[in-house]
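Residue-level structure breakdown
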Amino acid sequence: MTIPATPYISRLVAAIEESATLAVDARAKALKAAGEDVIGFGAGEPDFSTPEHIVEAAAAACHVPRYHHYTPTAGLPELRDAVAEKTSRDIDAAVAPSQVLITNGAKQAVANTFAALIDPGDEVLLTAPYWVTYPETIRLANGVPIAVITDESTGFRATVDQLEAARTDRTKALLFASPQNPTGAVYSPSETEAVGRWAAENGLWVVTDDIYEQLVYGDARFSSIVRLVPELAERSVVINGVSKTYAMTGWRVGWMVGPPDLIAAAVNLQSHTTSNVDNVAQAAALAALQGDLGAAEAMREAFDRRRRRMVELLRAIPGVTCAEPLGAFYAYPNLSELLGRQVGARTPETTAELCVAILDEAKVAVVPGEAFGTPGYARLSYALGDDDLEEGLNRLTKLFS
Ligand SMILES: Cc1ncc(COP(=O)(O)O)c(C=O)c1O
């Protein structure tokens, strides 16, 4: 839904699409508040609590007077150091703290990156289905998002040929994300390297969103595009954060890592928009990075179990097909066979209409593929309890059988 044009709202902001994932969540929450028993598959966050040692570090940080005041926009020096070290390990190259900007979640890192990189008319390639924030932040930077449509025939992964067909002399950057939201697609190391080589050969910037790096399943492995194609170090931005790995979505700590001049420009921008990230949250993020991945691994195992169960139940619904998601915590089934059939009193012709009908008839919230640039599908998050997962999918099965 686009905000209606009024004389006083700027064209730039009026043109922003409402985040459909948040819209479904809001409608589901309103139904819940009205006493309905809604099962929400809309959430984009782990259902687990932040590990206790991280919470304790934050509680202790509340009593540190230094944290009661402004700190450097770029981030607490100790956290910048820790992120530089982590990224250096990930990409197998030296990373200086001056290459790190701590942001309000990875989302602000995405927005800062495009604002700092894009001139009017510059094109940014990304694959669809895409995370809703990418095209909007590209447009807010006066850039042009160019979506390369993928489908389940390639596991929702773009080939170099597809990317090359979409490249023009205005292409400035490629947005790369693996694992992906909403499909759970994960590129193999050789595919990642091929994409990275193609970008490097064509002088493109690569913005790589590694937020789901720890959430991969089965034989899938996360691979860092900058590690595989070291030439990209000079022309890439690595985006990451603590939200998904440590169940810390509410703390709002992410980061961007790139060449020092680009980071300095982004720090300058952030100094005029939000300044430093909340110091207590930064202290919590530091504790997360200094600790081990034990809690993250336990979460990953739970997600993996739910992933397999969700795919099994989705595939058992007549008319539904579902590619196997290999990462993140979403399934992205194809629901196009269900269109044009009666659901309750309605006959949905689009997945947007279908998802409203599903919410109203079965009290199950799923996000329509329209939100991700690919109608015909829907996203179901499996970051919810096992019982709710069973109940929600049983309701869908009943609705469509
Ligand atoms: C692909 C992707 N990148 C980044 C983010 C943002 O994460 P954060 O909570 O750190 O802003 C999300 C959140 O849903 C996401 O799905």
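See the structure shown above.
Residues numbered from 1 in each chain as written. Predicted model: local features only at pLDDT ≥ 70, side-chain atom pairs only at ≥ 80, totals over all residues. Heavy atoms only, no water.

1. Examining the overall build of the protein
From N to C terminus, the protein includes 14 helices and 12 strands. If you line up the protein on its principal axes, its C-alpha atoms span 60 × 55 × 55 Å. Buried positions account for 53% of the 401 residues belonging to the protein. Accessible surface, the protein: about 16900 Å² in total, of which carbon and sulfur atoms supply 53%. Taken together, the 33 basic and 51 acidic charged side chains of the protein have centroids lying 2 Å from each other. (Helix = DSSP H or I, 4+ residues; strand = E, 2+ residues; numbered from the N terminus. Buried < 20%, exposed > 50% of the residue type's maximum accessible area, 1.4 Å probe, protein only. Areas by Shrake-Rupley, 256 points an atom, 1.4 Å probe, with all protein chains shown as cover. Lys, Arg positive; Asp, Glu negative; His and termini not counted. Charge placed at Lys NZ, Arg CZ, Asp CG, Glu CD.)

2. Side note on the site of the ligand
Taken together, G105, A106, K107, W131, Y134, N181, D209, I211, Y212, S243, K244 and R252 are the residues near the ligand. At a separation of 2.7 Å, an oxygen atom of the ligand approaches a polar backbone atom of A106. Taken together, the residues of the shell around the ligand sort by class into 5 nonpolar, 3 polar and 4 charged. (Near = heavy atom within 4 Å. Polar contact = N/O pair within 3.5 Å; in protein donor to acceptor, adjacent residues only side chain to side chain. Nonpolar A, V, L, I, M, F, W, Y, C, P; charged D, E, K, R; others polar.)

3. Focus: the packing of helix 12 (residues 294-315) against helix 14 (residues 386-400)
Between helix 12 and helix 14, the shortest axis-to-axis distance is 10 Å and the interhelical angle comes to 10°. Relative to helix 14, helix 12 is oriented roughly parallel. On helix 14, the residues touching R305, R306, R309, M310, L313 and L314 of helix 12 are D386, L389, E390 and L393. Tallied by class, the residues present in the contact of helix 12 with helix 14 amount to 5 nonpolar, no polar and 5 charged. (Axes fitted to C-alpha atoms, helices over the stretch in contact; angles between N-to-C directions. Parallel < 35°, antiparallel > 145°, perpendicular 65-115°, else oblique. Contact = heavy atoms within 4.5 Å.)

4. Some words on the sheet that holds strand 11 (residues 367-368)
Paired through backbone hydrogen bonds, the strands of a sheet run either parallel or antiparallel to each other. Strands sit in the order 9-12-11 across an open sheet of 3 strands; the sheet is antiparallel. With partners counted over all chains shown, the strands left at the sheet margins are strand 9 (330-331) and strand 11, one partner each. Pairing geometry for strand 11 and strand 12 (residues 378-381), over 2 bridges, is antiparallel. Opposite P368, over in strand 12, you have A378 as the bridge partner. (Pairing = 2+ DSSP bridges.)

5. Considering the nonpolar core
Formed by 81 residues in total, the largest nonpolar core has its most connected members in F41, F114, M310, L314, L380 and L393. When residues are assigned to domains, this core turns out to be shared by domain 1 (11-49 + 294-400) and domain 2 (68-290), each giving three or more. Membership of the second largest hydrophobic core comes to 45 residues, among which are W198, L204, V229 and L286. (Core = buried A, V, L, I, M, F, W, Y, C linked by side-chain atoms within 4.5 Å. Domains from an automatic or database assignment.)

6. Observations regarding the sheet that holds strand 2 (residues 100-103)
Pairing in this open sheet of 7 strands is mixed, and the strands run 2-8-7-6-5-3-4 from one edge to the other. Sheet topology places strand 2 and strand 4 (144-149) at the edges, where each strand pairs with a single neighbour. Sheet twist, expressed as the average angle between the axes of neighbouring strands with direction ignored, equals 20°. Two strands pair when backbone bridges link them, and strand 6 (residues 205-209) and strand 7 (residues 236-241) are joined in this way by 4 bridges, in the parallel orientation. The residue of strand 7 that forms the bridge with V207 is V237.

7. Things to note about the packing of aromatic side chains
Across all of its chains, the model carries 12 aromatic pairs by this definition. Each ring, one from F48 and one from F303, has its centre 5.6 Å from the other, and the planes form 70°; the classification is edge-to-face. One end of the pair, F48, is in the loop between strand 1 (39-40) and helix 3 (52-61); the other, F303, is in helix 12, with 255 residues separating them in the sequence. Linked through ring pairs, F48, Y212, F303, F329 and Y330 together constitute an aromatic cluster. (Phe/Tyr/Trp six-rings, centres within 6.5 Å; stacked < 30°, edge-to-face > 60°.)

8. Brief notes about the packing of helix 13 (residues 351-362) against helix 14
Two numbers describe a pair of packed helices, the interaxial angle and the distance between the axes. Across the interface, helix 13 lies against helix 14 with an axial gap of 11 Å and an inter-helix angle of 105°. In terms of their interaxial angle, helix 13 and helix 14 are classed as roughly perpendicular. Side by side, helix 13 and helix 14 meet where L354, I358, E361 and A362 of the first sit next to R395, L396, L399 and F400 of the second. Here the contact of helix 13 with helix 14 is built from residues that sort into 6 nonpolar, no polar and 2 charged.

9. Quick word on helix 8 (residues 189-201)
The end-to-end C-alpha distance of helix 8, which contains 13 residues, comes to 18 Å, matching closely the 18 Å that a straight helix rising 1.5 Å per residue would cover. Those residues of helix 8 that sit buried are T192, V195, G196, W198 and A199. When helix 8 is viewed along its axis, its buried side chains cluster within an angular range of 160° and face the same direction. Those residues of helix 8 that are exposed and angled more than 90 degrees off the buried face are S190 and E201. Close packing links the buried residues of helix 8 with strand 3 (123-128), helix 7 (160-166), strand 5 (171-177), strand 6 and helix 9 (225-228). Where helix 8 ends, the next residue or the one after it, G203, has phi of about 65°, a positive value. (Expected span 1.5 Å × (residues − 1). Arc of directions from axis to C-beta.)

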